[in-house]
Amino acid sequence: MAEKENVLQDLDREDTNCCHRHYKATPRSEAELRQLQNRLKRMMGQLSGISRMLDENRYCGDILIQIAAIESALQAFGYQVLQDHLETCVVEEIQKGNTQVIDEAVSLIKKLK
């Protein structure tokens, strides 16, 4: 446990100018959090469904359709989190004069594809 705390402390010391890069908290309303959690739970349910489909030796096409649905849902989930990040964290950092946060945002966008 102490090793994990040391790693977290090291991360906190690195590049403190960028927003939410080191286990910082993002304040979200209960409604926002509930919406994100519900979407995530639906995706987890879909993954469990694929596991059951494999156990049942279901048709490959049906499994692929479910995989595509999960990929689409996960992409939409990522875009929602990105939008929230841009509207809150990035705006706040720019208002503070920290324009380095733009590089972080661009990097995040590239990772989402």
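Further up the page is the structure itself.
Computed from a prediction, not measured in an experiment: that's the story for all the values here.

Rules used in this analysis
Residues numbered from 1 in each chain as written. Predicted model: local features only at pLDDT ≥ 70, side-chain atom pairs only at ≥ 80, totals over all residues. Heavy atoms only, no water. Helix = DSSP H or I, 4+ residues; strand = E, 2+ residues; numbered from the N terminus. Expected span 1.5 Å × (residues − 1). Buried < 20%, exposed > 50% of the residue type's maximum accessible area, 1.4 Å probe, protein only. Arc of directions from axis to C-beta. Contact = heavy atoms within 4.5 Å. Bend = angle between axes of the 7 residues up to and from the residue.

Participant: Tell me what's going on with helix H4 (residues 101-112), and back it up with residues and numbers.
Facilitator: In this model H4 runs 17 Å from its N-terminal to its C-terminal C-alpha over 12 residues, within 8% of the 16 Å that 1.5 Å per residue would give. Buried residues of H4: Val 101, Glu 104 and Ala 105, and no others. The buried residues of H4 occupy an angular sector of 100° when projected down its axis, which confines them to one face. Of the residues in H4, the exposed ones pointing more than 90 degrees away from the buried face are Asp 103 and Lys 110. Buried residues along H4 sit against helix H3 (60-95).

Participant: Outline H3, supporting the account with residue identities and numerical values.
Facilitator: With 36 residues, H3 ought to run about 52 Å at 1.5 Å a step, and its terminal C-alpha atoms sit 51 Å apart, in line with that. A bend of about 35° at Leu 86 is the largest found in H3. Within H3 the residues assigned to the buried category are Ile 63, Ile 70, Phe 77, Gly 78, Leu 82, Asp 84, His 85, Cys 89, Val 90 and Glu 93. Where H3 is buried, its residues contact helix H2 (30-55) and H4. Phi turns positive one or two residues past the end of H3, at Gly 97, with a value near 95°.

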